[in-house]
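Observations on the three-dimensional arrangement
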Amino acid sequence: YKDRPAQADNLHLDIWYKGENILLDAGSYKYNTDAATMRYFNGTASHNTVMLDDKDQMLKGSHFIWYYWSACKSAYLQENNDTYIFDGAIRAFRYIKSGIVHKRSVVKKKGVPVWEIRDEVLKASRFSRIHQLWHLPVSLNRKVTITAADSDGKELVAGETDGWSSSLYGQKEKTKTYIFSPQTKMLNTTITIEE
């Protein structure tokens, strides 16, 4: 960041397919509301990325203030004959421990609604647990399948909870939030949208 960050949403993945927002960014909702609601909408919990325990990527201050800004370590986008590949890494969670890096790789197959995501958190405490979050609208016109496995290849079962999104200022709608919480600090996820 060169200017004050608005949201703790680095490496968030938003997916639109045939005009429909499949994986959502929660939006802003309101600029002046209670602290818990503001933290949710501005924080990492409302984005399709990774948290450490229940912690945001940066430390939330009052109103629009964030401390210990996350920083881009690397970002690459390439196109092959049959895929688009994004590889990115950020320095984040610095208020928890110095040196923590979140790496995310996204492989999008051309002509097929399939995304392969690899998340890895480096240098985090062995006692910290990563939580990978995915936010979908309550009503979708398509079936979406999300599967994940840890670094040992063990298939994970997602927890499910309610979340929120705000496509218009001051209005919020419920979302479905899926959370994968591996024992390891790495997981591979596949998102498939049925035609």
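Everything here concerns the structure above.
In short, a report on the structure. Predicted model only: the values in this text are computed from it and were never measured. (Residues numbered from 1 in each chain as written. Predicted model: local features only at pLDDT ≥ 70, side-chain atom pairs only at ≥ 80, totals over all residues. Heavy atoms only, no water.)

1. Considerations on the sheet that holds strand S10 (residues 130–137)
Applied cut-off: The pairing criterion is simple: DSSP has to find at least two bridges between the two strands. Secondary structure is summarised from DSSP: a helix means a run of H or I of at least four residues, a strand means a run of E of at least two, and numbering begins at the N terminus for each. Fitted lines through C-alpha atoms serve as axes, helices being fitted only where they are in contact, and the angles separating the N-to-C directions of these axes extend from 0 to 180 degrees.
Strand order in the open sheet made by the four strands is S3-S10-S14-S13, with antiparallel pairing throughout. Every other strand in the sheet has two partners, leaving strand S3 (50–52) and strand S13 (159–165) as the edge strands with one partner each. Going across the sheet, the axis of each strand differs from the next one's by a mean of 35°, ignoring polarity. Where S13 and strand S14 (residues 173–180) come together, seven bridges link them in antiparallel fashion. Counterpart to Trp 164 in the pairing with S14 is Lys 174.

2. Comments concerning the pattern of salt bridges
What counts, and what does not: The term salt bridge refers to a pairing of a side-chain nitrogen on Lys or Arg with a carboxyl oxygen on Asp or Glu at a separation within 4 Å. Burial here depends on accessible area, computed with a 1.4 Å probe over protein chains only, as a share of the maximum for the residue type. Under 20% is buried, over 50% is exposed, and the range in between is partly exposed.
With the rule as written, the count across this model stands at eight salt bridges. Between Arg 39 and Asp 56 there is a salt bridge; the shortest N-O distance is 2.8 Å. Pair noted here: Arg 39 is in helix H1 (residues 35–42) and Asp 56 is in the loop between S3 and strand S4 (59–60), with a separation of 17 residues, a long-range link. Of the residues examined, Arg 39 reaches a relative accessible area of 36% and is grouped as partly exposed. Classification of Asp 56 by relative accessible area gives buried; the value is 2%. A salt bridge links Asp 119 to Arg 104; its shortest N-O distance comes to 2.8 Å. Taken together, the positions of Asp 119 in strand S9 (residues 114–122) and Arg 104 in strand S8 (residues 101–109) put the pair 15 residues apart, joining distant regions of the chain.

3. Remarks on the nonpolar core
Rule in force here: Working definition of a nonpolar core: buried Ala, Val, Leu, Ile, Met, Phe, Trp, Tyr and Cys residues. They are joined through side-chain atoms within 4.5 Å. Contacts were defined at the residue level, with two residues in contact if any of their heavy atoms lie within 4.5 Å.
Ranked by size, the top nonpolar core spans 28 residues in total, and within it Ile 15, Trp 115, Trp 134 and Ile 191 carry the most contacts. Counting only elements with at least two residues in this core, the list comes to strand S1 (15–17), strand S2 (20–23), S3, S9, S10, strand S11 (144–150) and strand S15 (186–193). Those residues in contact with Ile 191 that lie beyond four places of it in its chain are Ile 15, Leu 23, Pro 113, Val 114, Trp 115, Ile 117, Trp 134, Val 144, Thr 145 and Ile 146.

4. Here's the deal with the packing of aromatic side chains
Where we set the bar: Pairing of aromatic rings covers Phe, Tyr and Trp, the last counted by its six-membered ring, and requires centre-to-centre distances within 6.5 Å; plane angles under 30 degrees mean stacked, over 60 mean edge-to-face, and any other angle means tilted.
This structure, assessed with the given rule, holds five aromatic pairs. Relative to Phe 41, the ring of Tyr 40 has its centre 5.3 Å away and its plane inclined at 90°; by these criteria the two rings are edge-to-face. Judged by relative accessible area, which is 1%, Phe 41 ranks as buried. Feature note: the residues Tyr 29, Tyr 40 and Phe 41 constitute an aromatic cluster, connected by ring pairs.

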